[in-house]
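# Descriptive analysis of the structure
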Amino acid sequence: MNSQWSAVPHGARPATAATRVDRSVLLRVGLIGVALAACGGAEAAEDDAAAGDVRDAAPTVDAAVTIIEHREGDCETTFVRRELDHVTAPRGEVAAIVDGTGTGVLLDDLDDDGALDIVLPNLTGETSILWGDGAGDFERRPFETGRFRQAASLDLDADGDRDVLLTTGIGPPVAFLSQADGGAPREFQRVEYRTDAVAFSVAPGDLLGDGTVEVVTGSYNAELSFNRDNRVLMGFDVGVAVTEPSADTLATGVPTDFLTDSAQALALLVVDLDGDGLDDVLVGNDLGTPDRIWLGDPAGLTVTELFDTTSLSTMSLDVADLDGDADLDLVSTDMARLPGEPDEVWEGVEDDIEQVRVDEIQEPRNVVQIAGDGGFTESALDLGVAATGWSLAGLAGDLDHDGLSDLVVVNGMQGASIFDMLPNGELVEPNQAFRNLGDDGFALEPEWGLDSTQGGRGMAQGDVDGDGDLDIVISNLGAAAALYENRLCGGPSVIVEPQWVGVQNVDALASSVRIVRDGDVVGVRPITATRGYLSTSPTRAHVGLGADADESTVDVEVRWPDGAWTVIDDVPAASTVKVVRDSPPVDSSSDPDGGSP
């Protein structure tokens, strides 16, 4: 056990609500770091100057750069839906409530051929792996048989290949090690992930910026209670934990440090939210259990609270720059009825929701935290995205390449115990796609063709066909998973994929990417793995550049997890940039400000 992560001794009962600290002190310290790092603030000119100061003080490292031009995509002002060869099936014709939440999606390049692949966990039967060809087509192979919730990718054994973790929800995750010399398609060897931590959700990260990978795990105690698992009552093996896998510890026992001994963790996010250069840990809890935040620190993790409002039953978490000011905002989804939905369906649910509230800051709806000079301002109601149905996954990304991050939310729930008045106990709602209008908030965009009623659960976004835009993969419950090919008509984009070879953190988790055009910062993206609900999107930064950027070039700035920088000038628009570093970590003391772009 690595005691540096400990926030609560394992077996000790933490307070019901998250520990509160003086927000004014926390935000003042956090914003000093943000200003120095040019990660936020109202004045762009001051941000740029601060960023220059940080880069002047921080070390730079060389990297091998490969630039691939995007192919010209189709322009039809919509997404085109294609069924994938996989159905996530619950146990029985009508799902029990613990099955009704479904499974997630993994979208990543698992064989390092440049093409994105898909892993779709299953509650019964086969989990599927779909090997991509880079042009949008996939070949399905069976991956593993059993009951699994989430798939995540990372290099578990530090051999330079992406391995896969599958969670069961009732025990430790299961590891699948990539066999790079086994031919094509890539094979995986199942091995035990020897930890006591029960994992419903997982999130990899580089919490110290040293090139190693930690995996944060979270239990969903409601499912364990449904199964009459006494570990919930005893506080054993459950809660939120930090695990430290390696080639040696997979066989002998993965060091595990529990942060809490209770959780309803549907969503985990490891990302540098406060701009100090170290990843933080965010936990989105269901059923009224308060969400939790641990801020990264060289000495470990510090539990705190950043927000005056949170979702009551958080289903998913994501970060993006929603207001175009070059800092990270946060989106959490929850259940709140769509306009026009009948009382007979929602009244009982809403009564139950009110009974589980344990903290006055909790609201039963989506929450959008907009970062600014004074901290975070909750803005979902003002932006028009507070109530989107029984919303499991929510992801932000620039779908139309106008330079603003849009929002997609997938909906649906099944459970005879809560929807006995509905056929098959299923709440059927359309998915919701919102276009970011800038100062005018968000507008529902049914013309984009993303309003499926197939029972969406997990979701991932990435460019599967090489045309530079964000396609969408959605796992449904009881229906075929679907790929939505992006055929919106917009400007070009730049996609940046940093890789760090020679260390375990091959995906450069905890890096941050800035895109600069004509001296102005036009995009800031963190490199993080798990996003949304039980899902993993590619560890690539995607930035739409706007319709006027077809013939332009941009500068790409990568801040690595250890604080070093790599800058690539004059990158053409409409291209994917692979930035490969092979140097060891630098001394963190050489970047005292901990700046991130």
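Structural data are supplied above this passage.
Because the structure is predicted, anything quoted here is derived from the model rather than measured.

### Side note on the sheet that holds strand 7 (residues 151-154)
With antiparallel pairing, the four strands of this open sheet are ordered in space as 7-8-9-10. Edge positions in the sheet fall to strand 7 and strand 10 (187-192), since each has one partner strand and no second. Adjacent strand axes in the sheet meet at a mean angle of 25° when their direction is disregarded.

### Observations concerning the nonpolar core
Grouped burial of nonpolar side chains is what soluble globular proteins tend to show. Counting residues in hydrophobic clusters, the biggest one holds 34 residues, and the most contacted among them are Phe79, Trp390, Leu399, Phe419, Leu450, Met459 and Ile472. Secondary-structure elements contributing two or more residues to this core are helix 6 (343-356), strand 26 (389-397), strand 27 (406-411), strand 33 (471-476) and strand 34 (480-487). Membership of the second largest hydrophobic core comes to 23 residues, among which are Val503, Val513, Val558 and Ala573.

### Let's talk about a nonpolar patch on the surface
A grouping of Leu233, Met234 and Phe236 is seen on the molecular surface, where their side chains present a nonpolar patch of about 340 Å² in accessible area. Note on placement: leucine 233 falls in helix 4 (residues 231-234). A relative accessible area of 67% places leucine 233 in the exposed class.

### Digging into the side chain of serine 535
Secondary-structure assignment places serine 535 in strand 39 (residues 535-536). When its relative accessible area of 1% is taken as the criterion, serine 535 is described as buried. Non-local contacts of serine 535, meaning those with residues more than four positions away in its chain, are made with Gly104, Val105, Gln150, Gly458, Met459, Ala529 and Thr530.

### A word on helix 6
With 14 residues, helix 6 extends 20 Å between its outermost C-alpha atoms, agreeing within 8% with the 20 Å of an ideal straight helix rising 1.5 Å per residue. All buried positions along helix 6 are accounted for by Val345, Trp346, Val349 and Ile353. What you see down the axis of helix 6 is that its buried residues fit within an arc of 70°, all on one side. What points out from helix 6, more than 90 degrees from its buried face, is the exposed set Glu344 and Gln355. Looking at the buried positions of helix 6, the neighbouring elements they touch are strand 22 (335-336), strand 26 and strand 29 (426-427).

### Focus on the sheet that holds strand 31 (residues 442-444)
The strand order 22-26-27-30-31 describes an open sheet built from five strands, whose pairing is antiparallel. Strands with a single pairing partner mark the edges of an open sheet, and in this sheet they are strand 22 and strand 31. Of the pairings in the sheet, the one linking strand 22 to strand 26 comprises two bridges and is antiparallel in character. Directly across from alanine 336, in strand 26, lies its bridge partner glycine 389.

Analysis parameters
Residues numbered from 1 in each chain as written. Predicted model: local features only at pLDDT ≥ 70, side-chain atom pairs only at ≥ 80, totals over all residues. Heavy atoms only, no water. Pairing = 2+ DSSP bridges. Helix = DSSP H or I, 4+ residues; strand = E, 2+ residues; numbered from the N terminus. Axes fitted to C-alpha atoms, helices over the stretch in contact; angles between N-to-C directions. Core = buried A, V, L, I, M, F, W, Y, C linked by side-chain atoms within 4.5 Å. Buried < 20%, exposed > 50% of the residue type's maximum accessible area, 1.4 Å probe, protein only. Patch = residues over 30% accessible without salt bridge, like charges linked within 9 Å, V, L, I, M, F, W, Y side chains within 5 Å. Areas by Shrake-Rupley, 256 points an atom, 1.4 Å probe, with all protein chains shown as cover. Salt bridge = Lys/Arg side-chain N within 4 Å of Asp/Glu carboxyl O. Contact = heavy atoms within 4.5 Å. Expected span 1.5 Å × (residues − 1). Arc of directions from axis to C-beta.

So far we have only geometry, and geometry alone does not tell us how the molecule works.
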